[in-house]
Amino acid sequence: MAEVVIVESPEAAGALVATEIVELIDSRSDAVLGLATGSTPLPVYQALRAKLAGRDVSQVRGFALDEYVGIDPSHPESYRSVITREVVEPLGLDPERIHVPNGAEATIQHAGEDYEAAIEAAGGVDLQILGIGTDGHIGFNEPGSSFASRTRVKTLTEQTREDNARFFDSIDDVPMHCITQGLGTILRARHLVLLAFGEGKADAVAAAVEGPLTALLPGSAIQLHPHATIVVDEAAASRLQLADYYRYTFANKPAWQGI
Ligand code: F6R
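Residues numbered from 1 in each chain as written. Predicted model: local features only at pLDDT ≥ 70, side-chain atom pairs only at ≥ 80, totals over all residues. Heavy atoms only, no water.

(A) Geometry of the overall build of the protein. From N to C terminus, the protein includes 8 helices and 10 strands. What you see for the protein is a C-alpha radius of gyration of 17 Å, in line with the 18 Å of a compact globule of 259 residues. Dimensions of the protein, computed from the C-alpha atoms along their principal axes, are close to 55 × 40 × 35 Å. For the protein, restricting intrachain contacts to residue pairs at least 6 apart in sequence, the fraction spanning at least 24 positions comes to 78%. Approximately 11,200 Å² of the protein is accessible, and the part contributed by carbon and sulfur atoms is 52%. Taking the average location of the 19 positive side-chain charges in the protein and that of its 36 negative ones, the two points are 5 Å from each other. (Helix = DSSP H or I, 4+ residues; strand = E, 2+ residues; numbered from the N terminus. Rg over C-alpha atoms; globule rule 2.2 N^0.38 Å. Contact = heavy atoms within 4.5 Å. Areas by Shrake-Rupley, 256 points an atom, 1.4 Å probe, with all protein chains shown as cover. Lys, Arg positive; Asp, Glu negative; His and termini not counted. Charge placed at Lys NZ, Arg CZ, Asp CG, Glu CD.)

This is how it looks when you write it as structure tokens:
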């Protein structure tokens, strides 16, 4: 079972996950981070600014989960730009070591394979940060995605395009296609940390953590992972049947055991 940690706020979640990441970097200076975009991981990146200040992060490596296809990398909402703005620059990471899938149409046929090869060459992802879509997607693995899938092109659902329209001038500007790490790719990371905040994510979280394993709810793939941590606020935890047990377990967790 995944470990579920219910925290009082996104800021508390950010601090908890950032502490885990700092410990990882302290133990391995060239740690490989799996980076999510969207609004959910922002408190983690925010907390990391203070916690990493003064540390040598020059060797840290990273792989983003996904990118829109056909978007100019210099577009402010390309995931390349978002990762640069929210992660690389504020944390002082080496941009050469931070990878984002290549969404350029000219090379899209082999971009997935290239990305898989780069992750493998890096020795795999140590800690993968994940958000979850209201339709249960992780990365951009929309409902119907194979649990064995690798990095590839997907068509975004209308729901996801509507959810992401807030980052663009209008929904018409939200790309139709993306390139995303597959569920099989994500499951190979050594530690999954899925965050979710707010009532709007409560159904997706409950289905992912406690529902049946199903391609209809790609986030349920986390149940297959031996080390998955779900960090949610009260609102996002509100439909979890075993919420009291998760609170009890976390409150009684040995101090030496991280998340
Ligand atoms: C982004 C990603 C997506 C988002 C999800 C939730 O890299 O992989 O799965 O995590 O769409 O988005 P937010 O966090 O904006 O609610």
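The discussion continues.
(B) Spatial organisation of the sheet that holds strand E3 (residues 61–64). Spatial strand order, E1-E10-E9-E6-E2-E3-E5: 7 strands in an open sheet with parallel pairing. With one partner strand each, in any of the chains shown, strand E1 (3–7) and strand E5 (98–99) form the two edges of the open sheet. Note that strand E9 (residues 191–196) and strand E10 (residues 228–233) share 5 bridges and pair parallel. By the bridge assignment for E10, Leu-194 is matched with Ile-230. (Pairing = 2+ DSSP bridges.)

(C) The nonpolar core, seen in detail. With 69 residues, the main nonpolar core has Ile-21, Leu-48, Leu-195, Ile-222, Val-232 and Leu-240 as its most contacted residues. A per-element tally of this core places helix H1 (residues 10–27) first, with 7 residues. Ignoring sequence-local partners within four residues, the contact set of Leu-48 consists of Ala-18, Ile-21, Val-22, Ala-53 and Leu-91. Within the second largest apolar cluster, 10 residues are counted, among which are Ile-71, Tyr-79, Phe-140 and Leu-156. (Core = buried A, V, L, I, M, F, W, Y, C linked by side-chain atoms within 4.5 Å. Buried < 20%, exposed > 50% of the residue type's maximum accessible area, 1.4 Å probe, protein only.)

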